[in-house]
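# Overview (structure and organization)
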Amino acid sequence: MKSVVFDVGNVLIHWDAKRVFRDHFESDKAVDAFFKEIGFAEWNLSLDRGRDWDEAVETLCAEHPHHADNIIRFRDNWHQSVSGEISTSVAALNSLRKAGVPTYAITNFSSSRWLESQERFPFLKSHFVDVIVSGDEKLVKPGKEVFELFLKRNDQKAAKCIFIDDSAANIRTASKMGFETIHFTPGTDLTKWFDEQGMAA
């Protein structure tokens, strides 16, 4: 039996940082310009690597003082970036568990926000044999080291695992390491996919 390894953000729960700012900017294009100016993508990834939130916010505010209010807004209203679970994916996860398929997760997530999200979405606490959280391990996808940690810690072989992620870069790394992969997009029907493989309950 193969094990199934899920990404979390935009596979099991909806995440969109722009949601925090839509009431404060005139358009998504304006939010994109703000993100580009402050280097949001790399800064956010540093949080996923385990950087302290308050230090990260203080440093970025000092570098971009005219955007300090919005940088602080992201920290204080991060929960708005997660709008809810992706019900079809959670249904597939539940079906796999009922069928006795071992389920795991590898997620780029800061430690504190992961704990917050587990409280909001209890299945994140209970539905996995193990979760590799980047903020705890100081390792992020698409680096191969986080996948190697997963395999070693859980005594798994890549060829015996199916990895699901919305990021093409993460899928490429996993595929090169021998994982079977599913590149998750808004049209992906995981329940149908696992039904066709005879894996779902």
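In case you missed it, the structure is sitting above this.
For the structure given in this document, a descriptive report is provided here. Quick caveat, the model's predicted, so the values are computed rather than measured. (Residues numbered from 1 in each chain as written. Predicted model: local features only at pLDDT ≥ 70, side-chain atom pairs only at ≥ 80, totals over all residues. Heavy atoms only, no water.)

If you check which residues of helix α9 (residues 144–153) are buried, you get V146, F147, F150 and L151. Along the axis of α9, the buried residues cluster in a sector spanning 140°; they form a single face. Looking at the packing, one finds that the buried side of α9 touches β1 (3–6), β4 (103–107), β5 (131–133), β6 (161–165) and α10 (168–176). Count one or two residues on from α9 and you reach D155, which has phi positive near 50°. (Buried < 20%, exposed > 50% of the residue type's maximum accessible area, 1.4 Å probe, protein only. Helix = DSSP H or I, 4+ residues; strand = E, 2+ residues; numbered from the N terminus. Arc of directions from axis to C-beta. Contact = heavy atoms within 4.5 Å.)

Across the 5 residues of β6, 5 count as buried, placing the element largely inside the fold. Along β6, one buried face is formed by C161, F163 and D165 and the opposite face, lined by I162 and I164, is buried too. Here β1 pairs with β6 via 4 bridges, running parallel. Pairing of F6 across the sheet is with I164, part of β6. One ladder, built from 4 bridges, connects β6 with strand β7 (residues 180–183); its direction is parallel. When the bridges of β7 are listed, D165 appears paired with H183. For the crossover from β6 across α10 to β7, the handedness is right-handed. (Pairing = 2+ DSSP bridges. Right-handed = clockwise from strand over helix to strand, strands pointing away.)

With that settled, the discussion passes to the pattern of salt bridges. Applying the stated criterion across every chain yields a total of 14 salt bridges. For E42, the salt bridge goes to R49, with nearest N and O atoms at 3.0 Å. A relative accessible area of 48% means that E42 is categorised as partly exposed. Residue R49 is classed as partly exposed on the basis of its relative accessible area of 34%. Here the residues in one salt-bridge network are D7, K141 and D165, joined through shared partners. (Salt bridge = Lys/Arg side-chain N within 4 Å of Asp/Glu carboxyl O.)

This next bit is on the nonpolar core. Counting residues in hydrophobic clusters, the biggest one holds 50 residues, and the most contacted among them are V4, F6, W43, F74, I164 and F194. Residues contacting I164, with those up to four places away along its chain left out, are V4, V5, F6, D7, V11, I182, F184, L190 and F194. Counting 14 residues, the second-largest nonpolar core is a separate cluster that includes V5, I106, I132 and A158. (Core = buried A, V, L, I, M, F, W, Y, C linked by side-chain atoms within 4.5 Å.)

Okay, the pairing of β4 next. With 5 of 5 residues buried, β4 is to be regarded as a mostly interior element. The alternating pattern of β4 places T103, A105 and T107 on one face and Y104 and I106 on the opposite face, and all of these are buried. For β4 and β5, the ladder comprises 3 bridges, and the chain directions are parallel. Residue A105 lies in a different strand from β5, and its bridge partner there is V131.

Time to look at the environment of I72. Mapped onto the elements of the fold, I72 is located in helix α4 (residues 68–76). Taking relative accessible area as the criterion, I72 reaches 30% and is therefore assigned partly exposed. With 103 residues separating them along the chain, I72 and S175 place their C-alpha atoms 38 Å apart. Those residues in contact with I72 that lie beyond four places of it in its chain are V57 and C61.

Purely geometric stuff here, so don't read any function into it on its own.
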